[in-house]
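Given next are the chains, with one letter for each unit.
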Amino acid sequence: MPTQTSGSRGIGRTPGTARRTVLLTGASGVVGRALLPRLRDFDVVCLVHRSPVAGPDVTAVPGDIAEPMFGLAEQAYAELAARVDAVIHCAAVTDFNRTDGSLEATNVTGTGHVTAFAAAAGAVLYHVSTAFVDTTADGGRGRTAVGYAASKSAAEQVVRSSGVPHVILRPSVVIGDSGTGEIAAFQGLHQVVAGLFAGIVPMIPFDPGWPIDFVPADVVADSIACVVENRVSAGEFWISAGEAALSLDEGFAVAVEFAHGLGVGIDMPRFVPPEMFDRLIGPVFLDALPGKIRRNVLRMLEFFTTYLQSGQTKPSSLDQLVALGARPLPDQRESLRASLRYWAAQNGYAPAGTETEKAA
């Protein structure tokens, strides 16, 4: 496992009060969307590939990190580099199932193009990686996640070998805003909740005491912004719950209780030993499911295999980040309930006894 460092040796403040300009990649993604409004003390240039972004003091520049010089003309690239003081690199392909080469093109080659830009700009690079960078397959499961993890590991190595002043930030599973539950796109954890509500998660082949590490999107955004505001220029930060993570059975208990509050009658899944499931239960259980449901169940198993990591507790740098001025981790159960409320509202559920209208 990579060494946990606070990055404190890189802290320093540059004299003067001039507003700094930040280049942000991946502004339309889960982390980028939460981060953008948090960068209110900066002029932000968003490198936009497909999805448009807007906001106060935000400029959008069409470009593609997978292309040398982002696909910009030489003069436009030089002018952009002359404006930028810091680079926050959030853009990444996160789909485990990609086999078209886009994982490497975006996550690895694209990161190389971002480091080249940071070097041209003389800017500190804030590279957003993942707390699951060391994910490995667990028997027959987890194989599709290995390619993603390998691409993120390779991207970190590109950053470390670039010679550019840099900070590596590793968020764990990102859920919705801790207050509103809002999120740019539903993630694997939401797919598990959908399966639970649909009644296709009768059993979980994992130890109920294993930690499921997640962090609200606003906490991730605040942590990143705080590091940039403090002009930290070196180090690695784990944006994860660590010892504060809920156990798997605690998380499911919150979801089951929430479902009951909506009038959805679901039972707590049965936890079975992984080896028993793989050897005796899984083959019979999975083969009996219709094709679409079987694929959904396999995706959920893939999610858990990837993010539970055989009971490992993730390192966490939240104490160091709080010392820099970042907000502390809110109550994990309340954050999870907020995400569940948002997901339920967007999927047509309402509290028991009220009319339900399908969200547009």
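Residues numbered from 1 in each chain as written. Predicted model: local features only at pLDDT ≥ 70, side-chain atom pairs only at ≥ 80, totals over all residues. Heavy atoms only, no water.

Draft legend 1. Main features of the pairing of strand E2 (residues 42-48). Counting buried residues in E2 gives six out of seven residues, a clear majority hidden from the surface. Relative to E2, strand E1 (residues 20-25) runs parallel, the two sharing six bridges. Note that in E2 the partner of leucine 24 across the bridge is cysteine 46. As a crossover connection, the stretch from E1 through helix H1 (residues 30-35) into E2 is right-handed. (Buried < 20%, exposed > 50% of the residue type's maximum accessible area, 1.4 Å probe, protein only. Helix = DSSP H or I, 4+ residues; strand = E, 2+ residues; numbered from the N terminus. Pairing = 2+ DSSP bridges. Right-handed = clockwise from strand over helix to strand, strands pointing away.)

Draft legend 2. Spotlight on helix H6 (residues 217-229). For H6, with 13 residues, the first-to-last C-alpha span of 18 Å sits near the 18 Å given by 1.5 Å per residue. The element H6 is extensively covered by neighbouring structure, given that twelve of its 13 residues are classed as buried. Within H6, burial applies to Ala217, Asp218, Val219, Val220, Ala221, Asp222, Ser223, Ile224, Ala225, Cys226, Val227 and Val228. (Expected span 1.5 Å × (residues − 1).)

Draft legend 3. Region of interest: the side chain of histidine 166. Looking at the secondary structure, you find histidine 166 in strand E6 (residues 166-171). Judged by its relative accessible area of 18%, histidine 166 is buried. For histidine 166, the side chain forms a polar contact with the main-chain oxygen of valine 164, separated by 2.8 Å. Here histidine 166 is in contact with Val124, Leu125, Val159, Arg160, Ser233, Ala234 and Gly235, once residues within four sequence places are set aside. (Polar contact = N/O pair within 3.5 Å; in protein donor to acceptor, adjacent residues only side chain to side chain. Contact = heavy atoms within 4.5 Å.)

Draft legend 4. How the structure looks around unusual backbone geometry. The phi torsion at methionine 69 lies on the positive side, around 55 degrees, for a residue other than glycine. With respect to the helices, strands and loops of the structure, methionine 69 is situated in the loop between strand E3 (58-62) and helix H2 (74-83). Relative accessible area serves as the criterion here: at 34%, methionine 69 is assigned to the partly exposed category. A positive phi is found at phenylalanine 70, a non-glycine position, where the angle reads about 60 degrees. The residue phenylalanine 70 is located in the loop between E3 and H2 in this model. On the accessibility criterion, phenylalanine 70 (2% relative accessible area) is buried.

Draft legend 5. Region of interest: the nonpolar core. By size, the foremost hydrophobic cluster in this structure holds 45 residues, and its most contacted members are Phe197, Phe206, Leu248, Val297 and Phe304. Ala86, Val174, Val220 and Tyr342 belong to the second-largest nonpolar core, a separate cluster that totals 42 residues. (Core = buried A, V, L, I, M, F, W, Y, C linked by side-chain atoms within 4.5 Å.)

Draft legend 6. Region of interest: helix H11 (residues 332-346). For H11, with 15 residues, the first-to-last C-alpha span of 21 Å sits near the 21 Å given by 1.5 Å per residue. Every buried residue belonging to H11 is among Gln332, Ser335, Leu336, Ala338, Ser339, Leu340, Tyr342, Trp343 and Ala344, and all of these are buried. On the buried face of H11, the contacting elements are strand E7 (173-175), helix H5 (188-197), strand E10 (214-216), strand E12 (246-247) and helix H7 (248-261). A distance of 3.1 Å separates the backbone nitrogen of arginine 333 from a side-chain oxygen at the start of H11, and that oxygen is part of aspartate 331. Note on H11: the residue one or two positions beyond its end, glycine 348, has a positive phi of about 85 degrees.

Draft legend 7. Summary view of the packing of H5 against H11. Here H5 crosses H11 at 70 degrees, and the two axes come no closer than 11 Å. With respect to each other, H5 and H11 are oriented roughly perpendicular. Crossing handedness for the pair H5 and H11: right-handed. Residue-level contacts link Leu189, His190, Val193, Ala194 and Phe197 of H5 to Leu336, Ser339, Leu340 and Trp343 of H11. (Axes fitted to C-alpha atoms, helices over the stretch in contact; angles between N-to-C directions. Parallel < 35°, antiparallel > 145°, perpendicular 65-115°, else oblique. Left-handed = near helix turned anticlockwise from the far one by under 90°.)

Draft legend 8. Inspection of the pattern of salt bridges at higher detail. Applying the stated criterion across every chain yields a total of twelve salt bridges. Between aspartate 222 and arginine 38 there is a salt bridge whose closest N-O contact spans 2.7 Å. Of this pair, aspartate 222 sits in helix H6 while arginine 38 sits in the loop between H1 and E2, placing them 184 residues apart in sequence. Each member of the pair, aspartate 222 together with arginine 38, is buried. What you see here is one network of salt bridges that share partners, running through Glu156, Arg160, Arg170 and Glu236. (Salt bridge = Lys/Arg side-chain N within 4 Å of Asp/Glu carboxyl O.)

Draft legend 9. Geometry of the pairing of strand E4 (residues 86-89). Side chains Ala86 and Ile88 of E4 all project onto a buried face; the interleaved residues Val87 and His89 project onto the opposite face, where all are buried too. Sheet analysis places E1 next to E4, joined by four bridges and oriented parallel. Bridge pairing in E4 links leucine 24 to isoleucine 88. As paired strands, E4 and strand E5 (residues 124-128) are joined by four bridges and run parallel to one another. Considered in E5, the bridge of histidine 89 is made with histidine 127.

Note that every value here comes from positions in space, so none of it alone points to a role or purpose.
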